[in-house]
Amino acid sequence: MAKYANPPQAPPLFTGTKDTIVADSKALCDNTRSVLDKLVADIKPSEDPAAATFESVLRPQTEDENQSSLSARILGFYQYVSADAALRDASTEAEKIMDDFGIEISMREDVFRLVDAVYKNSRLAESKEKDTDRLITEELAKSVGLENVESARLLEKEHKGYIKNGLGLPEGEKRDRFKEIKKQLSQISIAFQKNLNEENGGLWFTKEELDGVPQDVLDGLEKGSGENEGKLRLSFKYPDLFPTLKFAKNPEIRRKVFIANENKLNQNVPLFRDAVLLRDEAARLLGYPDHATFRIEDKMAKTTKTVLDFLGDLKTRLGPGGLKEIAHLQELKKKDHEARGLPYDGNYYLWDHRFYDRLMIEQEYSIDENSISEYFPITSTVGGMLNIFETLFGLVFVELTPEDRKRISPTGKAEDIAWHEDVIIFSVWDDASEGEGFVGYLYLDLHPRPGKYGHAANFNLQPGFLQANGSRRYPATALVCNFSKPTKEKPSLLKHDEVVTLFHELGHGIHDLVGRTQYARYHGTSTVRDFVEAPSQMLENWCWTPSQLKGLSKHYKTGKSIPNDLIEKLISTKHVNDALFNLRQLHFGLFDMTVHTPKSHEELEKLDLSKLYNNLRADISKIKGPEAQGEPSDWGNGQATFGHLIGGYDAGYYGYLSSQVYSTDMFYTVFKDDPMNGKEGRRYRHTVLEKGGSRDEMVSLEEFLGRKPSSEAFYKELGLDS
């Protein structure tokens, strides 16, 4: 492995202090401001129209953006992962400074005039109008004097970005109001996310109340003292919450936990409402009928009608299956309540679902998820996953030892290239078939700790791009997850759904690593939101393929692979209660579209968002909530716990479902018969993953499939006729 010992690019440093993080963010902004000021001072299209070219106006900006991205993302990353509250606060402050600056420059009339002159000089708009698909192709880009599709796409998006940021509005009251809205939305987003990250609520229970919850979960809970002597504190973090909802035998305890979890972030309720109202106002100022129309026109779906038709069709198709699944689960609940002498009121509730879904799989498929987890200790499972990516995509992952870290650290200190001692780092390379070049760095931060981001996500730390001298800058990407911690008795063991989650997020990480774009802004996962999930969703299929499951598994005591009969049973559960799972996603998607497509601003102001959230859930998922017990339908504020709709998926949550259509189509068409086909894996790597957002995503998809995408495989997989 000596040839992999010295990567050609040092890993990033995580040596920020509360003072440097804020100071560095200000310095980045100052630097960009001076680049823009110089352009405005030097180039005068009104005097010399030909002076405004891509090279003179946009090239200096992209080079500055590429360089800034190397530190900007890390400055904002500390807030999600640092164990030091002061660093998290500084990172939040830095993000606010950079966001405010982003708004300031996105509304600079003087810079817009330069970009507008380049856009008009290029005649890109006219050439695109002539193209039947209105797509920017390589040919079209060259015909207007631009070097490639990516540069033409950048010019078009840059120009449109200014218009969408209010520069199409006349100077004065309207434009000032628009700018004010953008600032407020940025502040709301940061505060909302901070509340999510810092959430540390919980409930105290006796051991008896938590009867049924696995012992290793109970062992990890905080022990009470004083008035809570003899009790255990259950937090709302996933490793505590999900096992309790799945295993706690007492339905009243599950109800209490479920409702408390939906109300754990009520300080976000007014923030969510303000965000939705401000977005609607901004869209109307720009002449759009609503925020969703404004957001969706640049995505793969293009129109709100396409989205609403897709979601409506799915609701019609999934509804009957959902009712059938509930009837079956209700029968199970009735028997269970009778056997245990519990009262039964004939309803199936939200807090029943994880419990009976699990019980059904145990009883009817003889599967115990805890015994399956014994075959998936986290370390060997991660190793198995990386092997799959090595075979498919021609990669090599080299874990950095403390000595390696010390040797390649720019400071000579091993600890300076990670943000926490738990972090695992790999240098990633191409194998011999791909030319043995360096690819980038992959970081895994797998276990919960106080103040850390509470879900599972992939964060790009540094994008890749082509540097001014023509050499390539390589990416660094991080998986931030919350799987249970190892104990003295046993390592961290993954339930099968956690194996799927890890593989999914690793899919984003690989997309990020193998990106090969010219500009940082299109690197890796920087695609449109209704496509970005497709590559990761497609890779989830490997977690349901017998040979792959076998390869990923290794019993933590015996070292044996998972037996075939257990694999068969596990795979047979893939679509158990699938209609209900997809109806849950549909609830999120339709709630998102409903709040972002009001007929008028007044209608939106009158909406009670908590009632809407809960009523829509009852209507779509068909599972009853506390309203069925006589409570008012504003019993919970689920939207306040839902970071996606504030963090970039607004009018875009449908993308999880629509990209599932693309991912299933890709898997069925290319990989289903031979999931480890390295030739197809490499073709996928170069056709889809490598391109990132540098060309229209539909072009990448059609090139890979050899035709336009179809929803046939998606409906077939769900057991519905297309």
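Because the structure is predicted, anything quoted here is derived from the model rather than measured.

Rules used throughout
Residues numbered from 1 in each chain as written. Predicted model: local features only at pLDDT ≥ 70, side-chain atom pairs only at ≥ 80, totals over all residues. Heavy atoms only, no water. UniProt positions renumbered as here; feature names shortened; annotations may be inferred. Helix = DSSP H or I, 4+ residues; strand = E, 2+ residues; numbered from the N terminus. Buried < 20%, exposed > 50% of the residue type's maximum accessible area, 1.4 Å probe, protein only. Contact = heavy atoms within 4.5 Å. Phe/Tyr/Trp six-rings, centres within 6.5 Å; stacked < 30°, edge-to-face > 60°. Axes fitted to C-alpha atoms, helices over the stretch in contact; angles between N-to-C directions. Parallel < 35°, antiparallel > 145°, perpendicular 65-115°, else oblique. Left-handed = near helix turned anticlockwise from the far one by under 90°. Nonpolar A, V, L, I, M, F, W, Y, C, P; charged D, E, K, R; others polar. Pairing = 2+ DSSP bridges.

1. Some details on the UniProt feature "domain: Peptidase M3A/M3B catalytic" (unreviewed entry) in the chain
When the UniProt feature table is mapped onto this chain numbering, "domain: Peptidase M3A/M3B catalytic" (unreviewed entry) sits at residues 245-719. The annotated region residues 245-719 carries 50% helix and 7% strand content, and the separation between its end C-alpha atoms amounts to 28 Å.

2. Overview of unusual backbone geometry
Positive phi, normally seen in glycine, also occurs at Glu-436, with a value near 60 degrees. Backbone geometry at Asn-577 places phi at a positive 55 degrees, although glycine is not the residue there. Mapped onto the fold, Asn-577 is located in the loop between α22 (564-572) and α23 (578-595). Take Asn-577: its relative accessible area is 7%, and that puts it in the buried class.

3. Observations concerning the side chain of Asn-614
Take Asn-614: it is sitting in helix α25 (residues 609-621). Not counting the four nearest positions on each side in its chain, Asn-614 is found in contact with Glu-627, Ser-633, Asp-634, Trp-635 and Gly-636.

4. Remarks on the packing of aromatic side chains
Tallied over the entire structure, the rule returns 39 aromatic pairs. Where Tyr-348 meets Tyr-356, the ring centres are 6.5 Å apart and the plane angle is 55 degrees; that geometry is what we call tilted. Using a relative accessible area of 0% as the deciding quantity, one classes Tyr-356 as buried. Taking 4.6 Å as the distance between ring centres and 40 degrees as the angle between the ring planes, the aromatic pair formed by Phe-588 and Phe-642 counts as tilted. Of this pair, Phe-588 sits in helix α23 while Phe-642 sits in the loop between α25 and α26 (655-671), placing them 54 residues apart in sequence. When its relative accessible area of 8% is taken as the criterion, Phe-588 is described as buried. Judged by its relative accessible area of 7%, Phe-642 falls in the buried class.

5. A word on the packing of helix α10 (residues 238-247) against helix α15 (residues 353-365)
Where α10 meets α15, the closest approach of the two axes is 6 Å, and the angle between their N-to-C directions is 65 degrees. By the angle class used here, α10 and α15 are roughly perpendicular. Viewed along their axes, α10 and α15 form a crossing whose handedness is right-handed. Residues Phe-242, Leu-245, Lys-246 and Phe-247 of α10 pack against Arg-354, Phe-355, Arg-358 and Glu-362 of α15. Of the residues contributing to the contact of α10 with α15, the split by class is four nonpolar, no polar and four charged.

6. With respect to the sheet that holds strand β7 (residues 457-462)
Spatial strand order, β4-β5-β6-β10-β7: five strands in an open sheet with mixed pairing. Pairing within the sheet leaves two strands with one partner each, and these edge strands are β4 (395-399) and β7. Pairs of neighbouring strands in the sheet enclose a mean axial angle of 25 degrees, with direction left out of account. With respect to the sheet, helix α2 (residues 54-81) is in contact with β6 (438-445), β7 and β10 (476-480), its orientation differing from that of β7 by roughly 140 degrees.

7. A word on the environment of Leu-442
You can see Leu-442 is positioned in strand β6. Expressed as a C-alpha distance, the spacing of Leu-442 and Leu-342, which sit 100 residues apart in the sequence, is 51 Å. Not counting chain neighbours up to four residues away, the residues in contact with Leu-442 comprise Leu-386, Phe-397, Ile-424, Ile-425, Phe-426, Val-428, Thr-477, Leu-479, Leu-506 and Leu-513.

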